[in-house]
Amino acid sequence: MNDDRYSLAAAQGLDAQDPSWREHFWVPPTASGDECIYLCGNSLGLQPKRTRQLVSEELDDWARFGVEGHFQSRRPWYSYHEQVSEPLARLVGAKGHEVVAMNGLTTNLHLLMTSFYRPTPERYRIVIEAGAFPSDRYAVASQARFHGFDADDAVVELAPKAGQTTLLTEDVEAWLAEHGHSVALVMIAGVQYYTGQWHDIRRITAAGHAAGALVGWDLAHAAGNVPLNLHDDGVDFAAFCSYKYLNSGPGSVSGAFVHERWSQRSDIPRFEGWWGTEPETRFEMAPKFSPQRGAGAWQLSNAPVFSIAPLIASLELFDEIGMSALRVRSLRLTDYFLELLDRFGAGTFEVITPRHAAARGCQLSLRVPGRARELHSALADAGVVCDFRVPDVIRLAPVPLYNTYEDMWRFADVFRRVIGTS
Ligand SMILES: *Cc1c(COP(=O)(O)O)cnc(C)c1O
C-alpha cells in the first residue's frame, strides 16, 4: 500500500479533483479563528451565504409594503410556500402537489397520523424501529393512548437480531408477514439518526402494504442526504425537517408528503385550517372547508415566511447541483473517510453504520468502547465539531456540500493521535 495516499497532501489533491461547494457556506470558526471541522450537519446544517439576502428581502418588503406584501412583494406571502413545492418534490421524488412546507416535524407527524393512523380493535399497532428518535416514540405512543390503547402493547419496536447492529430488511418483511394483521401503521426512519442506517423504503413500504397496514416515513436524516423516490415507492406519507441536511436554520419549517392516492380522496379524516383551502377562494372566508388539491390541504396556518425564506435559498443550491451529483460526491467522501479511519485506528472502534453504500447516507456512527468520551473531547480541542451519544458512540456526518477530504484527513489525524494504532 502506498502511504502517500494517506498524507495531508493527498487529501488536498482529492479536494482539487472533487471539490465541495463549501464557498457557498459559512463555516463556524474555532477559538483560534480557523474554520472548524464541522461534522454535525446531521444535527444542524451550515448556513448558506445566500440565505441572509433572502431573509433580508422579506424584512425589507415587510417594512415597505406592510399588509400589501401578501400580494405586492417580490415573492408574495399569500402563495409563499408554493415556491418550494417543486424543488422539494425534486428532492424527495414526488409530484409538486404531494409536498408542502409547513409547521415542525413532530407537529407534522401528528397531523399526518390523524389521517393515517386509524386503529380498530383488531388492527391498532404502530411499528417503529428500536432506538427511534425520542420525539417519534413520544408521538406514536401518545397517538396510541389518544385512541384508547395501551402504548406498551400498541407500539412495537423492531430490534436487530442478536449479534446484528442494524435491522435487516428481510427481518422486517418476515415480521410483518407473520404479525402484520394487528398493525395499523408502520412508521420508521428513512435514515436512522443513531446508527446512520438507510432503510429500504421501497421494500418495507411494500411489506407494510402487503400486511394491510399504511406506511409513513420520518425522513429527518434522509432528506438532502440520500436520493428518495417517495411517489414511485408508494409511500403513504412522510415528513422531514429542513434544518439538518437541508441547511435552513434552527427550528426551520418542516416538509410533509402525502401520496396523491390519498390526497384526492374526500373521505380522509384530517384536522383542518384555512390555509388548506383552495387559494382562489380562501379569502372569500366561506364557512365550509373546501380542501385544495394535494398535501397543501393539510396546512392549518398561513405560511411562515421567515422560516421558508432560508429553505428557498437552500433548495436553490440543491437544484443547481442535483441530488445525484451530491450523492456521488457523498459516497466518495465517506468511502475515503472509512478508509482513513480503518488505516489510522483499526481495531479500536467499530462502525455501527452499515458499510454497504445502499444502506447508508453520509453519516458514520463509530462505537469506540470505553474511549468515546475521551476521543470526543480531544476532537473538540482540535477544532472538530461532532456529536457524542451515550454510552460510546460518536456520530460523524461528512456532508458533501461543504465537507472536504482535508476535513476527513484532519479528523483522522486526531483520531490516530488519541486512540490510533499507526
Ligand atoms: C431531528 C429529528 C426530529 C426532530 O423533531 P422536531 O419536531 O423537528 O423538533 C424528530 N425525529 C427524528 C427522527 C429526527 O431525526
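The structure presented is a predicted model; accordingly, all values stated were derived computationally and were not measured.

About the criteria used
- Residues numbered from 1 in each chain as written.
- Predicted model: local features only at pLDDT ≥ 70, side-chain atom pairs only at ≥ 80, totals over all residues.
- Heavy atoms only, no water.
- Core = buried A, V, L, I, M, F, W, Y, C linked by side-chain atoms within 4.5 Å.
- Buried < 20%, exposed > 50% of the residue type's maximum accessible area, 1.4 Å probe, protein only.
- Domains from an automatic or database assignment.
- Contact = heavy atoms within 4.5 Å.
- Near = heavy atom within 4 Å.
- Polar contact = N/O pair within 3.5 Å; in protein donor to acceptor, adjacent residues only side chain to side chain.
- Areas by Shrake-Rupley, 256 points an atom, 1.4 Å probe, with all protein chains shown as cover.
- Nonpolar A, V, L, I, M, F, W, Y, C, P; charged D, E, K, R; others polar.
- Helix = DSSP H or I, 4+ residues; strand = E, 2+ residues; numbered from the N terminus.
- Buried area = accessible area lost by both parts, 1.4 Å probe.
- Salt bridge = Lys/Arg side-chain N within 4 Å of Asp/Glu carboxyl O.
- Pairing = 2+ DSSP bridges.
- Axes fitted to C-alpha atoms, helices over the stretch in contact; angles between N-to-C directions.

K.L.:
Is there a simple way to think about the nonpolar core in this case?
P.N.:
One broad rule of soluble globular proteins: the nonpolar side chains tend to lie buried together. Among the nonpolar cores identified, the biggest contains 66 residues, and Val186, Trp217 and Leu219 are the most heavily contacted of them. Looking at which domains feed residues into this core, each of domain 1 (4–35 + 322–419) and domain 2 (55–319) gives three or more. When neighbours within four sequence positions are excluded, Val186 is seen to be in contact with Val127, Leu176, Ile204, Gly208, Ala213, Leu214, Val215 and Gly216. In this structure, Met102, Met113, Leu185 and Ala256 belong to the second largest nonpolar core, which totals 34 residues.

K.L.:
Which parts of the structure should I look at to understand the site of the ligand?
P.N.:
The ligand sits among Leu105, Thr106, Phe133, Asp136, Asp218, Ala220, His221, Tyr243 and Lys244. At a separation of 2.6 Å, a nitrogen atom of the ligand approaches a polar side-chain atom of Asp136. Its free accessible area being 390 Å², the ligand has 82% of it covered by the protein chains. Among the residues making up the shell around the ligand, the classes are represented as four nonpolar, two polar and three charged.

K.L.:
I tried to follow the side chain of Asp387 on my own but got confused; where do I start?
P.N.:
Inspection of the secondary structure puts Asp387 in strand 14 (residues 387–389). Among the residues examined, Asp387 registers a relative accessible area of 9% and is labelled buried. A polar contact is formed between the side chain of Asp387 and the side chain of Arg389, at a distance of 2.9 Å. In this structure Asp387 touches Cys40, Ser43, His376, Val393, Ile394 and Arg395, once residues within four positions along its chain are discounted.

K.L.:
For this particular structure, what's the right way to read the domain arrangement of the protein?
P.N.:
Much of the literature gives interface size as the accessible area that the parts lose upon coming together. Taken domain by domain, the protein holds domain 1 (4–35 + 322–419) and domain 2 (55–319). Between the C-alpha centres of domain 1 and domain 2 the distance comes to 30 Å. In total, domain 1 and domain 2 occlude about 1900 Å² of area from one another, counting both sides; carbon and sulfur atoms represent 60% of this. On the domain 1 side of the contact with domain 2, Met323, Ile352 and Gln363 bury the most area, a combined 27% of that side's loss. The tally of links between domain 1 and domain 2 comes to zero salt bridges. Where domain 1 touches domain 2, the interface holds eight residue pairs in polar contact (both at pLDDT 80 or more). Only helix 12 (323–345), strand 12 (364–367) and strand 15 (393–396) provide two or more residues apiece to the side of domain 1 that touches domain 2.

K.L.:
Help me understand the sheet that holds strand 6 (residues 155–158) in this model?
P.N.:
Strand pairing in a sheet relies on backbone hydrogen bonds, with the paired strands running either antiparallel or parallel. Strand order in the open sheet formed by seven strands is 4-10-9-8-7-5-6, with mixed pairing between adjacent strands. The sheet is open, and its two borders are formed by strand 4 (99–102) and strand 6, each paired with just one other strand. The sheet shows a mean angle of 20° between the axes of neighbouring strands, direction not considered. Across four bridges, strand 9 (residues 237–240) lies against strand 10 (residues 254–258) in antiparallel orientation. From the neighbouring strand, Phe237 faces strand 10, where its bridge partner is Val258. Where helix 4 (residues 85–92) meets the sheet, it contacts strand 4 and strand 9, and its direction lies at approximately 115° from that of strand 4.

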